[in-house]
Amino acid sequence: KAGVTQTPRYLIKTRGQQVTLSCSPISGHRSVSWYQQTPGQGLQFLFEYFSETQRNKGNFPGRFSGRQFSNSRSEMNVSTLELGDSALYLCASSAGLQETQYFGPGTRLLVL
Amino acid sequence: AQSVTQLGSHVSVSEGALVLLRCNYSSSVPPYLFWYVQYPNQGLQLLLKYTTGATLVKGINGFEAEFKKSETSFHLTKPSAHMSDAAEYFCAVSEPRRDDKIIFGKGTRLHILP
């Protein structure tokens, strides 16, 4: 089975722009979660989707949003980028609720 | 709300020596506990997890962890360190009967000395 894939792997944007990151879960997995990883804050939970519905949201501003499609693929969007949004964004998928999460390689976003 | 504390942001051990990475958690319900490893420029890989049952959990690459409820700990050990174990290790907790959100510790970078 192919693992979790994330595109793009690297991205450079400037302040004020917006960005969309994509995550394709493992085939058959219906739950997708997103995390932000930075040297200062570590790994922080962004949100979780299951069957196209957002089940959980972390403590991030409304500039961070996401969605999940009927094929379980997920996208997250960050609008009005700030320098502090530079981070590694990790996506994880699981077969269902309370199942083990498997992580993708991440998208490294640099905001200039 | 659940939380995780990893003691020591950097740990150095000699090759062949015992690896011990410490993790303490807090949770208001019986937790699920995890250890993940992250190699440079890669995502997280699950080493092992505790859900219910046997408190000594064996994972991949010779690692194991013991759930100690009385100490609210879930320390990770490996009897003999190998150079390839050099990586960052994250302890994590979730509260399965509340939500599936995973809360991670700050991570411990393991250095292996030749």
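For the structure itself, look to the data block above.
If you're wondering where the values come from, they're calculated on a predicted model, not measured in any experiment. (Residues numbered from 1 in each chain as written. Chains lettered and ligands numbered in written order. Predicted model: local features only at pLDDT ≥ 70, side-chain atom pairs only at ≥ 80, totals over all residues. Heavy atoms only, no water.)

**Q** Please clarify how the sheet that holds strand 1 (residues 3-7) of chain B should be interpreted in this entry.
**A** Strands pair in a sheet through their backbones, by hydrogen bonds, and they do so in one of two ways: parallel or antiparallel. Residue and element names in this part refer to chain B. On the basis of which strands lie adjacent, the open sheet formed by five strands has the order 1-3-8-7-6 and antiparallel pairing. Two strands bound the open sheet, and with one partner strand each, they are strand 1 and strand 6 (56-58). Strand after strand, the sheet turns through a mean of 20° between neighbouring axes, direction not considered. Inspection of the sheet shows strand 7 (residues 64-68) paired to strand 8 (residues 73-78) by five bridges, in the antiparallel sense. Looking at strand 8, one finds that Lys68 is bridged to Ser73. (Pairing = 2+ DSSP bridges. Helix = DSSP H or I, 4+ residues; strand = E, 2+ residues; numbered from the N terminus. Axes fitted to C-alpha atoms, helices over the stretch in contact; angles between N-to-C directions.)

**Q** It is not clear to me how the interface of chain A and chain B should be interpreted in this structure. Could you clarify?
**A** When the parts of a complex come together, some accessible area is lost, and that lost area is often used as the size of the interface. Taken residue by residue, the interface counts 20 residues in chain A and 18 residues in chain B. For chain A, the biggest contributors to the area lost against chain B are Leu43, Gln98 and Phe103 of chain A; these three give 34% of the whole. Connecting chain A to chain B are zero salt bridges. Put simply, chain A and chain B have four residue pairs in polar contact (both at pLDDT 80 or more) between them. Listed by contribution, the elements that provide at least two residues to the side of chain A that touches chain B are strand 4 (31-38), strand 5 (42-50), strand 6 (53-57) and strand 9 (87-94) of chain A. Per-element accounting of the side of chain A that touches chain B gives the leading share, three residues, to strand 5 of chain A. (Contact = heavy atoms within 4.5 Å. Buried area = accessible area lost by both parts, 1.4 Å probe. Salt bridge = Lys/Arg side-chain N within 4 Å of Asp/Glu carboxyl O. Polar contact = N/O pair within 3.5 Å; in protein donor to acceptor, adjacent residues only side chain to side chain.)

**Q** Looking at this structure, I do not really get the state of the cysteines. What am I missing?
**A** When the sulfur atoms of two cysteines share a covalent bond, that bond is a disulfide. Residues and elements named next belong to chain B. With the rule as written, the count across this model stands at two disulfides over all chains. A sulfur-sulfur distance of 1.9 Å marks the disulfide that ties Cys23 to Cys91. Looking along the S-S bond of the Cys23-Cys91 disulfide, the torsion reads about -65°, which is the left-handed sense. Highlighted residues: Cys23 in strand 3 (residues 19-26) and Cys91 in strand 9 (residues 87-94), separated in sequence by 68 residues. (Disulfide = S-S within 2.5 Å.)

**Q** I'm lost on empty space enclosed by the protein in this one. Help?
**A** In this approach, a probe sized like a water molecule rolls over the atoms, and the result shows the empty space that is left. Scanning the entire structure with this criterion turns up two cavities of 30 Å³ or more. Quantified by volume, the second largest cavity comes out at close to 40 Å³. What lines the second largest cavity is simply Arg9, Tyr10, Leu88, Pro105, Gly106 and Arg108 of chain A together with Asn41 of chain B. Of the residues in the lining of the second largest cavity, the class split is three nonpolar, two polar and two charged. (1 Å grid on protein atoms, 1.4 Å probe; cavity = no way out; pocket = protein on both sides within 12 Å on 5 of 7 lines; lining within 4 Å. Points joined across faces, edges and corners; volume = space filled by probe spheres on them. Nonpolar A, V, L, I, M, F, W, Y, C, P; charged D, E, K, R; others polar.)

**Q** Help me understand the sheet that holds strand 3 (residues 19-24) of chain A, please; the structure alone is not making it clear to me.
**A** Residues and elements named next belong to chain A. Here we have four strands laid out as an open sheet, ordered 1-3-8-7, and antiparallel in their pairing. On the outer flanks of this sheet lie strand 1 (5-7) and strand 7 (64-68), each paired with one strand and no other. Strand-to-strand twist in this sheet, taken as the mean axis angle between neighbours without regard to direction, amounts to 20°. Sheet analysis places strand 7 next to strand 8 (residues 74-78), joined by five bridges and oriented antiparallel. What sits directly across from Gln68, in strand 8, is Ser74.

**Q** Got a minute to help me understand the pairing of strand 5 (residues 44-50) of chain B in this structure?
**A** It is a general feature of regular strands that their side chains alternate between the two faces of the sheet. Residues and elements named next belong to chain B. Of all the seven residues making up strand 5, five are buried; the element is thus mostly covered by neighbouring parts of the structure. Of the pairings in the sheet, the one linking strand 4 (residues 32-38) to strand 5 comprises six bridges and is antiparallel in character. Directly across from Phe34, in strand 5, lies its bridge partner Lys49. Taken together, strand 4 and the strand that follows it, strand 5, pair antiparallel across an intervening segment of five residues, in which Asn41 is found at a positive phi of about 60°. (Buried < 20%, exposed > 50% of the residue type's maximum accessible area, 1.4 Å probe, protein only.)

**Q** I'm lost on unusual backbone geometry in this one. Help?
**A** Trans peptide bonds make up the majority, and among non-glycine residues the majority have a negative phi. Residue and element names in this part refer to chain A. The omega torsion of the bond from Thr7 to Pro8 falls at -10°, within 30 degrees of zero and hence cis. Relative to the assigned elements, Pro8 resides in the loop between strand 1 and strand 2 (10-13). Backbone geometry places Ser72, a non-glycine residue, at a positive phi of 80°. Following the sequence through the fold, Ser72 ends up in the loop between strand 7 and strand 8.

**Q** Please explain the pattern of salt bridges as it appears in this structure.
**A** Oppositely charged side chains can pair when the atoms bearing their charge come close. Applying the stated criterion across every chain yields a total of eight salt bridges over all chains. The shortest N-O distance in the salt bridge between Asp85 of chain A and Arg63 of chain A comes to 2.8 Å. Pair noted here: Asp85 of chain A is in the loop between strand 8 and strand 9 and Arg63 of chain A is in the loop between strand 6 and strand 7, with a separation of 22 residues, a long-range link. Arg63 of chain A shares its class with Asp85 of chain A; the two are buried. With a closest N to O distance of 2.9 Å, Lys78 of chain B and Asp85 of chain B form a salt bridge. Summarising the burial analysis for this pair, Lys78 of chain B and Asp85 of chain B share the class buried. One salt-bridge network, in which partners are shared between bridges, spans Arg63, Glu82 and Asp85 of chain A.

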